[in-house]
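Close look at the chain arrangement
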Amino acid sequence: MSLFNNKLRDTYIYLLILIVFSIILFVPSTLDRDLHYRDELRYTEVAREMENSGDYFVPQLGGRNYTDKPPFYFWFLILTKKIFGEYSASAMVSPSIISAIIIILLTFYFARSFLEEKYAFLAGIILATTVLFFSLSIFVRMDLLMMVFITAALFTFFKAYQNQKDYLYFLTYLFIGFATAIKGPAGFLIPLITILGFLIWDNKLEKLKEIKLVQGLIIFLSVILLWLIPAFIFGGKEYIYELLVLQTFGRAVNSFAHSEPFYYYFTTLPLTLLPWTFLLISSFFYIIKYYRNINPELKFILSWFFWPLLLFSIFSGKLVFYLLPIYPAASILIAYLCQQIIVNQDNKKFIVIPVLLTIIVIIAGSFFIPANIEGYNLRNLLKPTIIASVFILLAAAALYFKNKYLSLIYLLPALMLIFSLNLSLVIVPTASQSYSKRPIGEELKELREKENIENIAAFRYGQPETLAVYTDFFIKDLGNEETLINYLQEKQEAVILVRDSDLKRIRDIFVQKKVIYHSNGYNLVYHLVE
């Protein structure tokens, strides 16, 4: 009994460390910044309009149907706003951070089913410190929420496959349904291609008869229809057509957005998997070397990584974060390599060379960082990370000669933690000051409320309705010079939001003008005809 209690205590300690480590890694970057004016402000505005209108099934942006995304993610944004009391970066990013922590814990439990617990713990640390996973954990995006259910679906499927538990298969279909409802087809395509690829590889296609396909399809469709039916009632068939056909299949075949060549992911993955890229490559070489010893668990993890990678490479629409759901698999593969090398006293070069090479490449790469990016000396801002990299390289050499190989591997998470704190405490606040639209939004609100200026418009801003997060009212976009001229002719008094580059080009259009406010490359031009 005491042995069992000790093991349970160790598990809780690992879980606690993963949670605390994740909080230290992710949270600081949200504390001293504003929402980014692109996706973050847009998603927040969709949530704000949903809350104000009370229409929770048909998202809107600027009072028009927003067909880019289903509504579920915006429900979470509304909930966190109610908890925090405001649409701040900390509030809006919290669903991403909570989702990230859940995924890290699921990865730990998944890896724990066939790795020693300390290496399952390592898998969670690896995932948390992967560049792409870390980056999306500190932004307002729905990818991680979808990834929670994809990871849960694959976890419950494999447990059902091992133990023949029908209720776990039912949970798998339920999770796939939620993942699909959150962001679309990726929610079912990644689990589907992973499971089919694994069953074919493991020569167990007969298992398809045991995984409750009919009942599972009913569960999956029930989840989807619980939203689609109200969406059809409130949004109509045109809304459903745009969401399901144009936004879904239009992005997969002959994509109208983010079209990239087949090899796109093979060029971006090495960067987004840093600082673990070389260790992942090393794990592939190790697995190939010992291919005859491959077990079903490893086949499943490899299927989870490779089959979605190949499938999404075929689709024309590509973005780096579309493949985020395969990163837990990559993390487990690296942890597997580390266990095999350290426990079995195998060739240490499989982990020593990748770790040393990673640190050297990071140090060498620092010399190629541009001295000036948008007016900021990024190389100078990253100096704490660069200096830490040199000391970590020295520590790596010392640990190698002392045969402390597991400690050697943990130098990479330590480096990422230093980078994250450098980013959060130095770079993020500086960058936020240069991109924030809060000051100009609050100035517009004051002009409306205190100066009683009703005619406020933007010239070529691009979705100025997102500024309603700060203004509480929509701003019309005057997309071309002719529209601007007509608008000014109709209004005796108006304020126009215009960027610096456009103001130089259109200054002669204004009869009388005065720049009354300037912030981050944008001007508020006061127009008055007496």
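Under an unreviewed UniProt entry, the name given to the protein is 4-amino-4-deoxy-L-arabinose transferase-like glycosyltransferase, and the organism recorded is Halanaerobium saccharolyticum.

On a plain count of helices and strands, the protein comes out with 23 helices and seven strands. Relative to the compact-globule value of 24 Å for 530 residues, the protein shows a C-alpha radius of gyration of 26 Å, a close match. A burial count over the protein gives 54% of its 530 residues as buried. Within the protein, contacts between residues at least 6 apart in sequence are counted, and of these 74% link residues at least 24 apart. Looking at the protein as shown, the accessible area adds up to about 24,200 Å², and 63% of this sits on carbon and sulfur atoms. Here the protein carries 46 positive and 41 negative side-chain charges, and the mean point of each set is 11 Å from the other.

Here we come to the packing of helix H4 (residues 89–112) against helix H5 (residues 117–128). Interaxial distance between H4 and H5 falls to 8 Å at its minimum, and their mutual angle equals 150 degrees. The hand of the H4/H5 crossing is right-handed. Contact with H4, carried on its side by Ile 103, Ile 104, Thr 107, Phe 108, Ala 111 and Arg 112, involves Glu 117, Ala 120, Phe 121, Ala 123, Gly 124, Leu 127 and Ala 128 of H5 and no other residues of that element. Its residues placed into classes, the contact of H4 with H5 shows nine nonpolar, two polar and two charged.

Right, let's talk about the pattern of salt bridges for a bit. Any two side chains of opposite charge can pair, so long as their charged atoms come close to each other. One pass over the structure, following the stated rule, counts 22 salt bridges. Between Arg 438 and Asp 34 there is a salt bridge; the shortest N-O distance is 3.0 Å. Of this pair, Arg 438 sits in helix H20 (residues 438–449) while Asp 34 is found in the loop between helix H1 (2–26) and helix H2 (39–53), placing the two residues 404 residues apart along the sequence. In this structure Arg 438 comes out as partly exposed when scored by relative accessible area, which is 26%.

Turning to the environment of Ile 101, a few remarks are in order. Assignment of secondary structure puts Ile 101 in helix H4. Counting along the chain gives 304 residues from Ile 101 to Tyr 405, while the straight-line C-alpha distance between them is 27 Å.

A word on the domain arrangement of the protein. When the domains of the protein are assigned, the result is domain 1 (6–346), domain 2 (365–435) and domain 3 (437–528). When each unit is reduced to the centre of its C-alpha atoms, the spacing between domain 1 and domain 2 is 27 Å. Taken together, the contact between domain 1 and domain 2 spans 24 residues of the former and 17 residues of the latter. Taking both sides of the interface into account, the surface hidden between domain 1 and domain 2 amounts to around 1,800 Å²; carbon and sulfur atoms contribute 80%. Taken together, domain 1 and domain 2 are joined by zero salt bridges. Where domain 1 touches domain 2, the interface holds three residue pairs in polar contact (both at pLDDT 80 or more). Counting residues per element, the ones that place at least two in the side of domain 1 that touches domain 2 are H1, H5 and helix H14 (327–343). The element contributing the most residues to the side of domain 1 that touches domain 2 is H5, with five residues.

What follows covers the UniProt feature "domain: Glycosyltransferase RgtA/B/C/D-like" (unreviewed entry) in the protein. In this structure's numbering, the residues bearing the UniProt feature "domain: Glycosyltransferase RgtA/B/C/D-like" (unreviewed entry) are residues 68–227. The span residues 68–227 shows a helical share of 79% and a strand share of 0%, and its end C-alpha atoms are spaced 15 Å apart.

Turning to the pairing of strand S7 (residues 522–528), a few remarks are in order. Working note: regular strand, side chains alternate between the two faces of the sheet. For S7, a buried count of six out of seven residues is recorded, marking the element as mostly surrounded by other parts of the structure. Looking at chain direction, strand S5 (residues 493–499) and S7 are connected through seven bridges and run antiparallel. Across the sheet, the residue bridging to Val 498 is Asn 523, located in S7. Pairing analysis gives six bridges linking strand S6 (residues 513–519) to S7, with the strands arranged antiparallel.

Another point: the side chain of Asp 202. Positionally, Asp 202 belongs in the loop between helix H9 (186–201) and helix H10 (213–252). Apart from residues no more than four positions distant in its own chain, Asp 202 is found in contact with Tyr 161, Pro 296 and Lys 299.

If you check H9, its first and last C-alpha atoms are 22 Å apart, about what 16 residues at 1.5 Å a residue would give, namely 22 Å. Each element contacted by the buried residues of H9 is listed here: helix H7 (143–163), helix H8 (166–183) and helix H13 (296–314). After H9 finishes, the residue Asn 203 shows a positive phi value of roughly 55 degrees.

Glancing now at the packing of helix H15 (residues 349–366) against helix H17 (residues 383–401). The interhelical angle for the contact between H15 and H17, taken along N-to-C directions, is 160 degrees, at an axis separation of 10 Å. If you check the angle between H15 and H17, you find them roughly antiparallel. In the crossing of H15 with H17, the sense of the turn from one axis to the other is left-handed. Facing Val 352, Leu 356, Ile 359, Ile 360, Ile 362, Ile 363 and Ser 366 of H15, the residues of H17 in contact are Ile 386, Ser 389, Val 390, Ile 392, Leu 393, Ala 396 and Tyr 400.

This part takes up the sheet that holds strand S3 (residues 456–459). Sheet strands pair by backbone hydrogen bonding; their relative direction is either parallel or antiparallel. Taken in spatial order, the five strands make up an open sheet running S4-S3-S5-S7-S6, and their pairing is mixed. At either end of the open sheet lies a strand with only one pairing partner, and these are strand S4 (476–478) and S6. Within this sheet the neighbouring strands show an average axis-to-axis angle of 30 degrees, counted without direction.

Quick look at the nonpolar core now. In this structure, Phe 26, Phe 74, Phe 133 and Ile 351 are the most contacted members of the largest nonpolar core, which totals 167 residues. Per element, the largest residue contribution to this core is 15 residues, and it comes from H7. Of all hydrophobic cores here, the second largest spans 13 residues; its members include Phe 459, Ile 496, Val 498 and Leu 503.

Turning to the side chain of Lys 348, a few remarks are in order. Structurally, the position occupied by Lys 348 is in the loop between H14 and H15. On the accessibility criterion, Lys 348 (15% relative accessible area) is buried.

Here the focus is the packing of aromatic side chains. Between two aromatic rings, the relevant description is the distance of the centres plus the angle of the planes. One pass over the full model with this rule turns up 41 aromatic pairs. When the ring of Phe 312 is compared with that of Phe 315, the centres are 5.5 Å apart and the planes differ by 70 degrees; the resulting orientation is edge-to-face. The same class applies to Phe 312 and to Phe 315, which are both buried. Ring-pair connections join several aromatic residues into one group, and the members of that group are Phe 110, Phe 155, Phe 157, Phe 158, Tyr 161, Tyr 169, Phe 198, Phe 300 and Trp 304. In this arrangement the basic side chain of Arg 33 is found over the ring face of Phe 139, its NZ or CZ atom lying 5.2 Å from the centre. The residue whose ring lies beneath Arg 42 is Tyr 43, and the NZ or CZ to ring-centre distance is 5.4 Å.

What counts and what doesn't
- Residues numbered from 1 in each chain as written.
- Predicted model: local features only at pLDDT ≥ 70, side-chain atom pairs only at ≥ 80, totals over all residues.
- Heavy atoms only, no water.
- Helix = DSSP H or I, 4+ residues; strand = E, 2+ residues; numbered from the N terminus.
- Rg over C-alpha atoms; globule rule 2.2 N^0.38 Å.
- Buried < 20%, exposed > 50% of the residue type's maximum accessible area, 1.4 Å probe, protein only.
- Contact = heavy atoms within 4.5 Å.
- Areas by Shrake-Rupley, 256 points an atom, 1.4 Å probe, with all protein chains shown as cover.
- Lys, Arg positive; Asp, Glu negative; His and termini not counted.
- Charge placed at Lys NZ, Arg CZ, Asp CG, Glu CD.
- Axes fitted to C-alpha atoms, helices over the stretch in contact; angles between N-to-C directions.
- Left-handed = near helix turned anticlockwise from the far one by under 90°.
- Nonpolar A, V, L, I, M, F, W, Y, C, P; charged D, E, K, R; others polar.
- Salt bridge = Lys/Arg side-chain N within 4 Å of Asp/Glu carboxyl O.
- Domains from an automatic or database assignment.
- Buried area = accessible area lost by both parts, 1.4 Å probe.
- Polar contact = N/O pair within 3.5 Å; in protein donor to acceptor, adjacent residues only side chain to side chain.
- UniProt positions renumbered as here; feature names shortened; annotations may be inferred.
- Pairing = 2+ DSSP bridges.
- Expected span 1.5 Å × (residues − 1).
- Parallel < 35°, antiparallel > 145°, perpendicular 65-115°, else oblique.
- Core = buried A, V, L, I, M, F, W, Y, C linked by side-chain atoms within 4.5 Å.
- Phe/Tyr/Trp six-rings, centres within 6.5 Å; stacked < 30°, edge-to-face > 60°.
- Lys NZ or Arg CZ within 6 Å of the ring centre and 35° of its normal.

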